[in-house]
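A look at the structure
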Amino acid sequence: MTFATYRDPWGIPHLRAGSAEELAFAQGHNAAVDRAWQLETERHRAQGTSASFLGAEAVGWDRLARQTRLDDTARRCFERLDRCDAETAAWVRRYVDGVNAGLAEGAGRAPEFAATGLVPGTWQPWTPLAVWLSHHLLFAGFPAKLWRERVARTLGPEAIGLFATDGHRTSGSNGWLVAGDRTATGAAVVAGDPHRFIEDPGIYQQIRLSCPEFDVVGLAVPGVPGTGHFGHTGTVAWAITNAMADYQDLYRERLRRTGTGVEALGPDGWRPAAAHVEMIEVAGGDPVTVEVVETERGVVVIGDADGTDGTDDDDAISLRCPPRVREDLGFATLPALLRARTVADVDRAFDAWAEPVNVVLAADTEGGLLHRVAGAVPVRHRDNGLRVVPAWEPDHAWRGWHEELPREPVDDVAVMANARGIATPLGVEFAAPHRATRIRQLLDERKAWAAEDMAAVHTDTHLASAEPLLELLDGLDGLTPGAAALRDRLLCWDRHMDADSADAMAYAAVRSAVVRRLAAHPALAPLAELPECPEVFLPWLALVPRIAYALEGLLTAGPLPAADRAEAVRAAVEETAAAGEPTGTWGEAHRLAPWQALPGAVPEEWPGLSGDHDCVLSTSSVPGFTDRSARASAARYAWDVARRDNSRWIVPFGASGVPGDPHHRDQLPLWQRGELVPVITDWDRLTLERENTTS
């Protein structure tokens, strides 16, 4: 059998094969040829072996991957898939066969292999599942429970909710569905953008997968078959956002060593825990040993049987998460989505979904509409969702799974933006309502939407969360002349975080000064000292980012008296004015800062960005720490259900992960400006690049 690779003008791969399994091989092969460095980096990260070629900076992640047993969990999930759904398991195997067949060619194109001395390895049938787990281990934000525990122990249990943003450093997204009676074609449009930490190469790959059974365009995760999150089959389109559900728990464990190993205290007394030692190889450094301990609750992520690296007492902390318990990621959903023809098909496909928990929107050419939650959420005590709970208390055990997840009917518009709404019963903290509210406002401004119009929503920069700070500014008197002028300037500002706006830059400077002032307040300063814990959790435990993302709430309520909140704003505006009223633009400071496994020898000058954390154009900085943006739209899409060729999409960089390739960064300027490129499905408008024989 052969498969063919076509390219559109943006280098986006369109793959054609004679069967679904041959197409899976083609997708794996293409991912390896276009993204070999990315794929091998992700495989090693999932195995906890990335420090062997990336060096000491990767040890923290490798330790977490080993402790959480990512690769072993993926293997168990695949073995269960093989037993229960042999057809899907065979499909995944063919994808892996394609990866292994293409890696040598892909590595030959990627200079990073020679630069690090990395030699391509062999993918196992479960490696795509491991890559998926690696991407989503921190997606539900379980380290936030470490923060709440720290707040409760430092300020008291009543203070747990003070830093709700709603939701710190959330891995969020925007998504919206406009029904046919509000569109130019009479059929629905599904649009949105996933917000993630921006990686170069990008986490989403635009792709088309075509065989006699189906013909799908969508956004694939390199290393994983199918287009699970976002796709359009020609008759039905779907998209997801993070539901903000709480489904990972942290347990305080009491461990002890015995003559034969390690024991953990549970509801039934002391029970054996699995324990062994692994070695992490480190390029340019000495190997690092890590003890891997797993109790009946889950894997130990902080501490060991000898102590807990500086936590508040002598207990360790374990993580319990659904994939390890159920041995299921929901991969049966992926091929079912490719074959979907209607909303009912999409709905049935997502019935099998497990990890992560998502809100789903879908629409079809028959007028069907869908708005539901999909995934695996355990039933347990509410305190499990708030903080670290004692492993030895039986009330905190899991008691099965939520069988009927929420769903809602769709009228003319449905919006999902991680705020409280359809998934509220399943979560603790959600995103602030500003993005969801603003999207609805924008959609109400037009009666006949088309896919090409959706960029206007994607790129909206209005910052509603600025109001509490500006209200406090408005109430200040007795300011020095410079501070009064800055106050008056900001009160006239249009509240848009545009890259070319000097007023937006001035607001950001005052906001950062306010954050720093609040962090130094005696009521909050006890939280400033970072605890000794694994480095990977520190971003969730640093006080300045916590205040930055909870600023709106802290300026309107919380532990600080109203006079102290006003005084912090007064001091901030005086400080900013005394330093010289900001004259630069927001885009000069608010530049893209993507994660790269191997940064270039010469630092790149990344473009300036419009937007901010609570804008629909969500480009997150960390006020008080940095104006640079490490998290933004990892892709944007607008699916026209009536005619797929009218759909639009964009990614931050390009179709190729190979430096120097013409399509390595060709979409970046358009992404920066908020433009979308057309989805092309006419084979006559594509260029045949190659035909391969499968093995």
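**Looking at the overall build of the chain**
What the chain contains, in helices and strands, is 23 helices and 25 strands. Along the first, second and third principal axes, the C-alpha atoms of the chain reach 80 × 70 × 50 Å. Sorting the 695 residues of the chain into buried and exposed places 63% on the buried side. Contacts spanning at least 24 positions in sequence make up 70% of the contacts within the chain whose residues lie at least 6 apart. As presented, the chain carries roughly 24,500 Å² of accessible surface, and 49% of it is formed by carbon and sulfur atoms. Between the centroid of the 67 positive side chains of the chain and the centroid of its 99 negative side chains there is a distance of 2 Å.

**Notes on the packing of helix α4 (residues 70–84) against helix α7 (residues 127–136)**
Where α4 meets α7, the axes come as close as 8 Å, and the angle between the chain directions of the two elements is 130 degrees. The pairing of α4 with α7 is recorded here as oblique in orientation. α7 is crossed by α4, and the crossing has right-handed handedness. Between α4, through Leu-70, Asp-71, Thr-73, Ala-74, Cys-77 and Phe-78, and α7, the contact on the second element is made entirely by Leu-129, Ala-130, Leu-133 and Ser-134.

**Brief notes about the pairing of strand β19 (residues 413–416)**
Of the two faces of β19, both are covered, the one formed by Val-413 and Val-415 as well as the one formed by Ala-414 and Met-416. Relative to β19, strand β3 (residues 173–178) runs antiparallel, the two sharing 4 bridges. Within β19, the position partnered with Leu-177 by the bridge is Ala-414.

**Details of helix α3 (residues 59–67)**
For α3, the tally of buried residues reaches 7 of 9 residues, placing the bulk of the element in the interior. For α3, the complete set of buried residues consists of Val-59, Trp-61, Asp-62, Leu-64, Ala-65, Arg-66 and Gln-67. Residue Arg-69 follows α3 closely and has a positive phi angle near 60 degrees.

**Description of the confidence of the model for the chain**
Mean pLDDT over the chain stands at 94; residues scoring 70 or higher make up 98%. Note that pLDDT drops below 50 for residues 166–170; the model gives that stretch 18 contacts with residues more than four away or on any other chain. The model gives residues 308–312 a pLDDT under 50, and that stretch makes 13 contacts with residues more than four places away or in other chains.

**Some remarks on the packing of aromatic side chains**
In this description, an aromatic ring pair is defined by two values, namely the gap between the centres and the angle between the planes. Applying the stated criterion to the full structure yields 14 aromatic pairs. Ring centres of Trp-132 and Phe-331 lie 6.3 Å apart, and the angle between their planes is 85 degrees; this geometry places the pair in the edge-to-face category. Of this pair, Trp-132 sits in helix α7 while Phe-331 sits in the loop between α9 (322–326) and α10 (333–338), and the two are 199 residues apart along the sequence. With respect to burial, Trp-132 and Phe-331 carry one shared label: buried. Here the aromatic cluster, defined as three or more aromatic residues joined through ring pairs, consists of Tyr-204, Phe-230, Tyr-637, Trp-639 and Trp-649.

**Regarding the side chain of Arg-66**
Positionally, Arg-66 belongs in helix α3. Here Arg-66 falls in the buried class, since its relative accessible area comes to 10%. Contact partners of Arg-66, with chain neighbours within four places excluded, come to Gln-47, Gly-48, Thr-49, Glu-278, Met-279, Ile-280, Val-290 and Val-292.

**Notes on helix α5 (residues 86–109)**
The first and last C-alpha atoms of α5 sit 35 Å apart over 24 residues, in line with the 34 Å expected at 1.5 Å per residue. Leu-103 marks where α5 bends most, by close to 45 degrees.

**Section: the sheet that holds strand β17 (residues 369–374)**
Pairing is mixed in the open sheet, where 9 strands are placed in the order β17-β16-β8-β7-β6-β5-β2-β1-β25. Looking at the sheet topology across the chains shown, the edges are occupied by β17 and β25 (687–693). Within the sheet, the average angular offset between the axes of one strand and its neighbour, ignoring direction, is 20 degrees. Taken together, the 3 bridges between strand β6 (residues 214–220) and strand β7 (residues 230–232) define a ladder with antiparallel strand orientation. Paired with Leu-219 across the bridge in β7 is Phe-230. Here helix α11 (residues 343–351) sits on the sheet and contacts β8 (236–242), β16 (358–364) and β17; the angle it forms with β17, its principal contact strand, is near 5 degrees.

**Description of the pairing of strand β11 (residues 262–266)**
Among the 5 residues of β11, 5 are classified as buried, and the element is accordingly described as predominantly covered. Here β11 shows a buried face lined by Val-262, Ala-264 and Gly-266 and a second buried face lined by Glu-263 and Leu-265. For strand β10 (residues 255–257) and β11, the ladder comprises 3 bridges, and the chain directions are antiparallel. Across the sheet, the residue bridging to Arg-256 is Glu-263, located in β11. In sequence, β10 turns back onto β11 through a hairpin of 4 residues, with Gly-261 there showing a positive phi of about 160 degrees. Pairing of β11 with strand β12 (residues 269–280) involves 5 bridges; the strand directions are antiparallel. In the strand pairing of β12, Leu-265 is matched with Trp-270. In textbook terms, the turn of a hairpin is the stretch between consecutive antiparallel strands, and for β11 and β12 this stretch comprises 2 residues.

What counts, and at which threshold
- Numbers given for residues are sequential positions, taken from 1 along each chain in its written order.
- Residues qualify for local features only when their pLDDT is at least 70, as the model is predicted, and side-chain atom pairs are given and counted only at 80 or more; totals for whole chains, interfaces and linings, by contrast, use all residues.
- For side-chain calculations, the full set of non-hydrogen atoms in the structure is used, while hydrogens and water are omitted.
- Numbering of helices and strands starts at the N terminus; helices are DSSP runs of H or I of at least 4 residues and strands are runs of E of at least 2.
- Relative accessible area decides the class of each residue, using a 1.4 Å probe on protein chains only: under 20% of the type maximum gives buried, over 50% gives exposed, and in between gives partly exposed.
- Between two residues, a contact is recorded if the distance between any of their heavy atoms is within 4.5 Å.
- Only the protein chains shown count as cover for residues, with accessible areas throughout obtained via the Shrake-Rupley method and a probe of 1.4 Å.
- Asp and Glu are treated as the negative residues and Lys and Arg as the positive ones, with His and the ends of the chain left uncounted.
- One atom stands in for each charge, and that atom is NZ of Lys, CZ of Arg, CG of Asp or CD of Glu.
- Interaxial angles span 0 to 180 degrees and are taken between N-to-C directions of axes, which are lines fitted to C-alpha atoms, for helices over the stretch in contact.
- For classification, angles of less than 35 degrees are called roughly parallel, those exceeding 145 degrees roughly antiparallel, those between 65 and 115 degrees roughly perpendicular, and all remaining angles oblique.
- Should the near helix be turned anticlockwise from the far one by less than a right angle, the crossing is termed left-handed; should it be turned clockwise, right-handed.
- By the convention used here, strands pair only if DSSP detects at least 2 bridges between them.
- Residue-level confidence of the predictor is what pLDDT reports, using numbers from 0 through 100.
- Between the rings of Phe, Tyr and Trp (Trp by its six-membered ring), a pair exists once the centres lie within 6.5 Å; its type follows the angle of the planes, with under 30 degrees stacked, over 60 edge-to-face, and the other angles tilted.
- An expected span of 1.5 Å times one less than the residue number is assigned to each helix.
- Bend at a given residue is defined as the angle between two axes, one fitted to the seven residues that end at that position and one fitted to the seven that begin there.

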